[in-house]
Amino acid sequence: MNKQQFLTSAGLEVQTLEFWIEQQWLVPDETASEISFSDTDVARAHLIQDLKGDFGVNDEGIDVILHLVDQLHGLRRAFEQLHKDMASPPR
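Residues numbered from 1 in each chain as written. Predicted model: local features only at pLDDT ≥ 70, side-chain atom pairs only at ≥ 80, totals over all residues. Heavy atoms only, no water.

1. Brief notes about the nonpolar core
Ranked by internal contacts, the top residues of the largest apolar core, which has 16 residues, are Phe6, Leu12, Trp20 and Ile62. For this core, the secondary structure elements donating two or more residues are α1 (3–10), α2 (14–22), α3 (39–53) and α4 (59–87). Here the element with the most residues in this core is α3; it accounts for 4 residues. The residues touching Phe6, leaving out its near neighbours within four places in the chain, are Met1, Gly11, Leu12, Leu17, Leu26, Phe37, Asp41, Val42 and Ala45. (Core = buried A, V, L, I, M, F, W, Y, C linked by side-chain atoms within 4.5 Å. Buried < 20%, exposed > 50% of the residue type's maximum accessible area, 1.4 Å probe, protein only. Helix = DSSP H or I, 4+ residues; strand = E, 2+ residues; numbered from the N terminus. Contact = heavy atoms within 4.5 Å.)

Right, here's the structure in full:
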């Protein structure tokens, strides 16, 4: 989705989005002419909004939490690949 569609879906202001991209809380796909966002980016934006609004987490806390979430997803992918590798017959 393009930037405007993302802003609408995530309920964000342009300045907020620019700050979040600067902080690398969101890392959209970029081409020479535009940036694009995924449904995962929308979910991540909602997570950030919940953490800041409902839980009162400050910017430093957001950095830590998002880093931990990213590590967790990376480990899950690694375990899924390990499971696939162990399930396939040896060559």
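So, next bit.
2. Focus on the packing of aromatic side chains
The tally for this structure, following the rule as stated, stands at 3 aromatic pairs. Their ring planes at 15° and their centres at 4.1 Å tell us that Phe6 and Phe37 sit as a pair that is stacked. Within this pair, whereas Phe6 is found in helix α1, its partner Phe37 is found in the loop between β2 (35–36) and α3, the two being separated by 31 residues in sequence. A relative accessible area of 0% places Phe6 in the buried class. Their ring planes at 85° and their centres at 5.7 Å tell us that Phe19 and Trp25 sit as a pair that is edge-to-face. Using a relative accessible area of 30% as the deciding quantity, one classes Phe19 as partly exposed. On the accessibility criterion, Trp25 (2% relative accessible area) is buried. Members of the aromatic cluster, each reached through a chain of ring pairs, are Phe19, Trp20 and Trp25. (Phe/Tyr/Trp six-rings, centres within 6.5 Å; stacked < 30°, edge-to-face > 60°.)

3. Side note on the packing of α3 against α4
With their axes 11 Å apart at the nearest point, α3 and α4 run at an angle of 140° to one another. Judged by the angle between their axes, α3 and α4 are oblique. Like other packed secondary-structure pairs, α3 and α4 cross with a definite hand, here right-handed. Each of Arg44, Leu47, Ile48, Leu51 and Lys52 in α3 lies in contact with α4, whose residues at this interface are Asp59, Ile62, Ile65, Leu66 and Asp70. (Axes fitted to C-alpha atoms, helices over the stretch in contact; angles between N-to-C directions. Parallel < 35°, antiparallel > 145°, perpendicular 65-115°, else oblique. Left-handed = near helix turned anticlockwise from the far one by under 90°.)

4. Quick look at the pattern of salt bridges
One pass over the full model with this rule turns up 3 salt bridges. The salt bridge involving Arg44 is made with Asp70; its shortest N-O contact spans 2.7 Å. Remark: Asp70 occurs in helix α4 and Arg44 occurs in helix α3; sequence separation between them is 26 residues. Note that Lys52 is salt-bridged to Asp59, the shortest N-O span being 2.6 Å. Given the relative accessible area of 31%, Lys52 is considered partly exposed. Residue class for Asp59 comes out partly exposed when judged on its relative accessible area of 28%. (Salt bridge = Lys/Arg side-chain N within 4 Å of Asp/Glu carboxyl O.)

5. Focus on the environment of Arg44
On the basis of relative accessibility, which here comes to 18%, the residue Arg44 falls in the buried class. The spacing of Arg44 and Trp25 is 19 residues in sequence and 8.2 Å in space, taken between C-alpha atoms. Residue contacts for Arg44: discarding those within four places in its chain leaves Trp25, Leu26, Leu66 and Asp70. A distance of 2.7 Å separates the side chain of Arg44 from the side chain of Asp70, its partner in a polar contact. (Polar contact = N/O pair within 3.5 Å; in protein donor to acceptor, adjacent residues only side chain to side chain.)

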